[in-house]
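Chain and residue survey
Spelled out from the first residue to the last, the chains are:
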Amino acid sequence: MVRQHSEPYLWLLFSAGGVLSAMLMPSLLLLFGIAFPLGWVRPPTHERMLAVLANPLTRLVFLGLCVLSLVHWAHRFRHTLHDGLRLAHPMITALCYGAAVAGSALAAYLLWQVA
Amino acid sequence: MADRIKLQVARYRPEREAEATFDEYEVPCPKDWVVLDGLNHVKDRIDGTLAYRWSCRMGVCGSCGMMVNGEPKLTCATFLADYAPGPIRVEPLRNFPVVRDLIVDIGDFMRKLVTVRPWIVREEEKPLSAGEYLQTPEQMDDYKQYSMCINCMLCYAACPVYGLDPLFIGPAAIALAQRYNLDSRDEGAAERHRVLSEHEGIWGCTFVGECTRVCPKHVDPAGAIQRYKLTAAVETVKAFFMPRGA
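Residues numbered from 1 in each chain as written. Chains lettered and ligands numbered in written order. Predicted model: local features only at pLDDT ≥ 70, side-chain atom pairs only at ≥ 80, totals over all residues. Heavy atoms only, no water.

This part is about the overall build of chain B. Of regular secondary structure, chain B possesses nine helices and seven strands. Taken over the C-alpha atoms alone, chain B extends approximately 65 × 40 × 35 Å along its principal axes. Scored against the burial criterion, the 246 residues of chain B give a buried share of 46%. As displayed, chain B has an accessible area near 12500 Å², and 54% of this comes from carbon and sulfur atoms. Averaging the coordinates of the 30 positive side-chain charges in chain B and doing the same for the 34 negative ones gives two points 1 Å apart. (Helix = DSSP H or I, 4+ residues; strand = E, 2+ residues; numbered from the N terminus. Buried < 20%, exposed > 50% of the residue type's maximum accessible area, 1.4 Å probe, protein only. Areas by Shrake-Rupley, 256 points an atom, 1.4 Å probe, with all protein chains shown as cover. Lys, Arg positive; Asp, Glu negative; His and termini not counted. Charge placed at Lys NZ, Arg CZ, Asp CG, Glu CD.)

Structure below.
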């Protein structure tokens, strides 16, 4: 019987965040940050976007993307400071994960408001 | 190109000095000389008391690893001319206790290595008369990359996690565990899992990736660790949902 640790679950969150942000964020940024504003691709209308966001499944996917990407960032940033710059302080840990929780809450609030 | 180059070599003689100092030697710098040739020149012609390890001088034995200008390198595969005009700073491998001059104590690595059972484990050995354990080329490809490890410990010198937490089992031990886990003839994955799935096993790794960057044999220990993290995470989730086994 293998002893239960929390680390595998935390790593799965971290890993899922890495995969999702690497797969989806670049295409979203390319579309909404560059291609639509520069007119390379005709953007969907505001009403159409709102209708897509009105679907709870869309909002759930976006919330998952935001939460997992933030968890990934928090863990990576904390360890970059810890392993790379040898900065270890409980405050750094609290700020990193706290920022991820705050960002997740903000994402949830905005997604709730928009539709 | 200059025909000579300066080596700044770390010296530590515990009977004489409490801390390491640097001695400077000027050595010839032909284009085919490596750092180890320079050290051998010092030992043979200038200062016979210089202590360092080496054996094969062809990147196979893994004993001549040292820090060259702050980077972990096999000194038999690191050309002096690439550092011209110098000087070149040669130090013992980082993250290990120094025994003397450029020699480090590798006991910690050797003790950790055996805990992952880096050999083929069988629940039951076949009798000799039953013949060989056959393996297809595809099955060999699964682990071949990890079998290239020469235990040179450059990855330990490069790993900041090992530097901060000496209990961390380290990149080469995990890569070698994977070498046997992925071998179709092996049946020892469960035993290795007990060691690897601890905090000091794979979870200590924060995927800095320096181990893979410095590996002279392109083993990719960081990749081995991440692959095993997925295996271990899936095993943990399975054990949580099916505590009595599937």
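Moving on from the coordinates now.
In terms of helices and strands, chain A carries four helices and zero strands. Reading chain A from its N end, one meets helices and strands in the order α-α-α-α. Its C-alpha atoms put chain A at 50 × 35 × 25 Å along the principal axes. For chain A, contacts bridging at least 24 residues in sequence account for 66% of all contacts bridging at least 6. (Contact = heavy atoms within 4.5 Å.)

Another aspect to go through is the interface of chain A and chain B. Across the boundary between the two partners, chain A contributes 15 residues, which contact 20 residues of chain B. Across the chain A to chain B interface the summed buried area is about 1700 Å²; carbon plus sulfur atoms make up 63%. Our count for the contact surface shared by chain A and chain B stands at zero salt bridges. Here chain A is connected to chain B by four residue pairs in polar contact (both at pLDDT 80 or more). When residues of the side of chain A that touches chain B are traced back to their parent elements, those giving at least two are helix H1 (7-35) and helix H3 (56-84) of chain A. Considering each element in turn, the side of chain A that touches chain B owes the most residues, five residues, to H1(A). (Buried area = accessible area lost by both parts, 1.4 Å probe. Salt bridge = Lys/Arg side-chain N within 4 Å of Asp/Glu carboxyl O. Polar contact = N/O pair within 3.5 Å; in protein donor to acceptor, adjacent residues only side chain to side chain.)

What follows deals with the side chain of A:Ser69. Residues and elements named next belong to chain A. Inspection of the secondary structure assignment puts Ser 69 in helix H3. Look at Ser 69 and you get buried, because its relative accessible area is 13%. Side-chain polar atoms of Ser 69 contact the backbone oxygen of Leu 65, separated by 2.7 Å. For Ser 69, the residues in contact, after removing those within four places along its chain, are Gly 17, Ser 21 and Met 25.

Below, the discussion takes up the packing of aromatic side chains. Here the distance between the centres and the angle between the planes together describe a pair of aromatic rings. Tallying each qualifying case throughout the model produces nine aromatic pairs over all chains. Ring centres of A:Trp73 and A:Phe77 lie 5.4 Å apart, and the angle between their planes is 15°; this geometry places the pair in the stacked category. In this pair, A:Trp73 and A:Phe77 both sit in helix H3, four residues apart, roughly one turn of the helix. Three or more aromatic residues joined by ring pairs form one cluster here, namely B:Phe96, B:Phe109, B:Tyr156 and B:Tyr162. The ring of B:Tyr180 carries the charged tip of B:Arg179 above its face, separated from the ring centre by 3.9 Å. (Phe/Tyr/Trp six-rings, centres within 6.5 Å; stacked < 30°, edge-to-face > 60°. Lys NZ or Arg CZ within 6 Å of the ring centre and 35° of its normal.)

A few words now on the side chain of A:Thr58. Secondary-structure assignment places A:Thr58 in helix H3. Once residues within four sequence positions are removed from consideration, A:Thr58 is found in contact with A:Val52 and A:Leu53.

Formed by 69 residues in total, the largest nonpolar core has its most connected members in B:Leu7, B:Leu39, B:Leu102 and B:Tyr156. Here this core spans two domains, since at least three of its residues come from each of domain 1 (4-104) and domain 2 (107-241) of chain B. (Core = buried A, V, L, I, M, F, W, Y, C linked by side-chain atoms within 4.5 Å. Domains from an automatic or database assignment.)

All names here are of chain B. With an omega dihedral of 5°, the bond running from Ala 84 to Pro 85 counts as a cis peptide bond. Within the secondary structure layout, Pro 85 lies in the loop between strand E4 (71-74) and strand E5 (88-91). In this chain, Gly 86 is followed by Pro 87 through a cis amide linkage whose omega measures 0°. Take Pro 87: it is sitting in the loop between E4 and E5. Here the phi dihedral of Arg 117 falls at roughly 50°; this positive angle occurs in a residue that is not glycine. Along the chain, Arg 117 falls in the loop between helix H2 (107-115) and helix H3 (137-144).

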